[in-house]
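Listed below, chain by chain, are the residues.
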Amino acid sequence: MSEQRVCVTVTDGVADVRLSRPEKRNALDPAMFAGLVTAGERLKDDRSVRVVVLSGEGPDFCAGLDFGAFRAMASGERLSATAQLPPSDGPAKAAGQRAAYAWAELPVPVIAAVRGNALGGGLQIALGADIRIVAPDARLSVMEVVWGLIPDMTGTQLLPELVGRDVAKELTLTGRVVTGEEAAALGLCTRTDPDPRGAALTLAREIAGRNPHAVRAAKRLLDMAGRVDLADGFAAEQAEIGALIGSPNQVEAVAANFEKRPPVFGEVP
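Remember, it's a predicted structure, so these values are computed and weren't measured experimentally.

Participant: Summarise the overall build of the chain; cite the residues concerned and give the values.
Facilitator: Per the secondary structure count, the chain includes twelve helices and nine strands. The C-alpha radius of gyration computed for the chain amounts to 19 Å, which stays within 12% of the reference 18 Å derived for 269 residues, consistent with globular compactness. With the C-alpha coordinates of the chain rotated into their principal frame, the extents come out at 65 × 40 × 40 Å. The buried share among the 269 residues of the chain stands at 47%. Of the contacts formed within the chain by residues at least 6 apart in sequence, a portion of 70% connects residues at least 24 apart. Across the chain, the mean location of the 29 positive side-chain charges is 2 Å away from that of the 34 negative side-chain charges.

What follows is the structure in structure tokens.
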């Protein structure tokens, strides 16, 4: 069931991951939570993958929790807790947190392509990506407060990093819907495009054509920024550059540039 909810194909180093429940606007039920976590865990170990594009089948990215989950809450039930998940030793423990944070934990860049609705938990899944390309008329909302809840899928921790603490509070405390254009102005998305999935795949192919060791190192370093002190960050930067200089893929990048040809990189071991 979980695999039916999330489809994954890998072509030339680009993993195309799609939430596949379009008849329900890709709403989150236990099978969708399990599908997202399972897909993320599987991609962590796939050394052929250089970039991930995350999108939704149909007109929406993800409209948030399935209505059945709200009905279950009336009796104190959390349907997400029934999801069957693979083990993890990461910081995210709850099913919803893992469904969003699995993408932040991948060693390769993740690009979310958002169109239609990205509401509540759907928006939080997009926050787990490194880059968000959003349709100008998409609808995004930290909608949990409308249902008397708070964002509990890592959103309270990731959102302030993107938009600042004050804007994060305004969005979270009101639950208001913003368009893709306003999301770009707020820093909630990277940029807009009328064809977000096409733009995401184009960007993914460009990144996949770079030294995969350098791409992974860059993601590691950028994810450290603001989360460790400067001395540790600077030391990590020097350790990464020391490992890259003279490595086979770095030498190939230089040779390909001088010879004006596409590089042929080896896979990450």
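Here the narrative resumes, following the displayed structure.
Participant: Break down a nonpolar patch on the surface for me, with residues and values.
Facilitator: A grouping of Phe67, Val145, Val146 and Trp147 is seen on the molecular surface, where their side chains present a nonpolar patch of about 400 Å² in accessible area. Relative to the helices and strands, valine 145 resides in the loop between β7 (139-141) and α6 (155-163). You can call valine 145 partly exposed: its relative accessible area is 32%.

Participant: Please give an account of helix α11 (residues 230-244) that cites residues and values.
Facilitator: The end-to-end C-alpha separation of α11 is 21 Å, in line with the 21 Å expected for 15 residues at 1.5 Å each. Among the residues of α11, Gly233, Ala236, Glu240 and Leu244 are the ones counted as buried. Within α11, the buried residues cover an arc of 70° as seen down the axis, which keeps them to one side. Along α11, exposed side chains directed more than 90 degrees from the buried face belong to Ala231, Gln238, Ala239 and Gly242. In this structure, the buried residues of α11 make contact with α10 (212-224) and α12 (248-259). Sitting at the head of α11, aspartate 229 places a side-chain oxygen 3.2 Å from the backbone nitrogen of alanine 231. Residue glycine 246 follows α11 closely and has a positive phi angle near 85°.

Participant: Talk me through the sheet that holds strand β4 (residues 110-114); I want residue IDs and the actual numbers.
Facilitator: One open sheet holds the six strands; their spatial order is β1-β2-β3-β4-β6-β9, and the pairing between them is mixed. Two strands lie at the open edges of the sheet, namely β1 (6-11) and β9 (191-192), each paired on one side alone. Relative to strand β6 (residues 131-134), β4 runs parallel, the two sharing four bridges. Following the sheet pairing, alanine 112 is matched in β6 by arginine 132.

Participant: Quick one: what's the story with the nonpolar core, residue by residue and with numbers?
Facilitator: Counting residues in each nonpolar core, the largest one holds 51 residues, and the members touching the most others are Leu36, Val52, Trp103, Ile125, Leu140 and Leu188. Top contributing element to this core by residue count: helix α2 (residues 30-44), with seven residues. Counting 14 residues, the second largest nonpolar core, distinct from the first, contains Ile133, Ala199, Leu203 and Val215.

Participant: If you had to explain the environment of threonine 154 to someone new, which residues and values would you point to?
Facilitator: Here threonine 154 lies in the loop between β7 and α6. The exposure class assigned to threonine 154 is buried, which follows from its relative accessible area of 12%. Put simply, threonine 154 and glutamine 124 are 30 residues apart on the chain and 6.9 Å apart in space, counted from C-alpha to C-alpha. In contact with threonine 154, other than residues within four places in its own chain, are Gln97, Ala100, Tyr101 and Gln124.

Participant: Please provide a residue-by-residue account of the environment of glycine 180, values included.
Facilitator: When you line up the elements, glycine 180 lands in helix α8 (residues 180-186). With residues near it in sequence (within four places) discarded, glycine 180 still touches Val134, Ala135, Pro136, Ala138, Leu140, Cys189 and Thr192.

Participant: Explain unusual backbone geometry residue by residue, including any values.
Facilitator: Not every positive phi belongs to a glycine, and arginine 25 is a case in point at roughly 55°. With respect to the secondary-structure elements, arginine 25 resides in the loop between β2 (14-19) and α2. For arginine 25, a relative accessible area of 44% corresponds to the partly exposed category. One non-glycine residue, asparagine 26, adopts positive backbone phi at about 60°.

Participant: I'd like a description of the sheet that holds strand β8 (residues 178-179), backed by residues and values.
Facilitator: A sheet is described by the order of its strands in space; here three strands give the open sequence β5-β7-β8, paired in mixed fashion. The two strands at the open ends of the sheet, each matched to only one other strand, are β5 (117-119) and β8. Bridge count between β5 and β7: three bridges; the pairing is parallel. Each bridged residue has a counterpart across the sheet, and for alanine 118 the counterpart in β7 is leucine 140.

Cut-offs and rules
Residues numbered from 1 in each chain as written. Predicted model: local features only at pLDDT ≥ 70, side-chain atom pairs only at ≥ 80, totals over all residues. Heavy atoms only, no water. Helix = DSSP H or I, 4+ residues; strand = E, 2+ residues; numbered from the N terminus. Rg over C-alpha atoms; globule rule 2.2 N^0.38 Å. Buried < 20%, exposed > 50% of the residue type's maximum accessible area, 1.4 Å probe, protein only. Contact = heavy atoms within 4.5 Å. Lys, Arg positive; Asp, Glu negative; His and termini not counted. Charge placed at Lys NZ, Arg CZ, Asp CG, Glu CD. Patch = residues over 30% accessible without salt bridge, like charges linked within 9 Å, V, L, I, M, F, W, Y side chains within 5 Å. Areas by Shrake-Rupley, 256 points an atom, 1.4 Å probe, with all protein chains shown as cover. Salt bridge = Lys/Arg side-chain N within 4 Å of Asp/Glu carboxyl O. Expected span 1.5 Å × (residues − 1). Arc of directions from axis to C-beta. Polar contact = N/O pair within 3.5 Å; in protein donor to acceptor, adjacent residues only side chain to side chain. Pairing = 2+ DSSP bridges. Core = buried A, V, L, I, M, F, W, Y, C linked by side-chain atoms within 4.5 Å.

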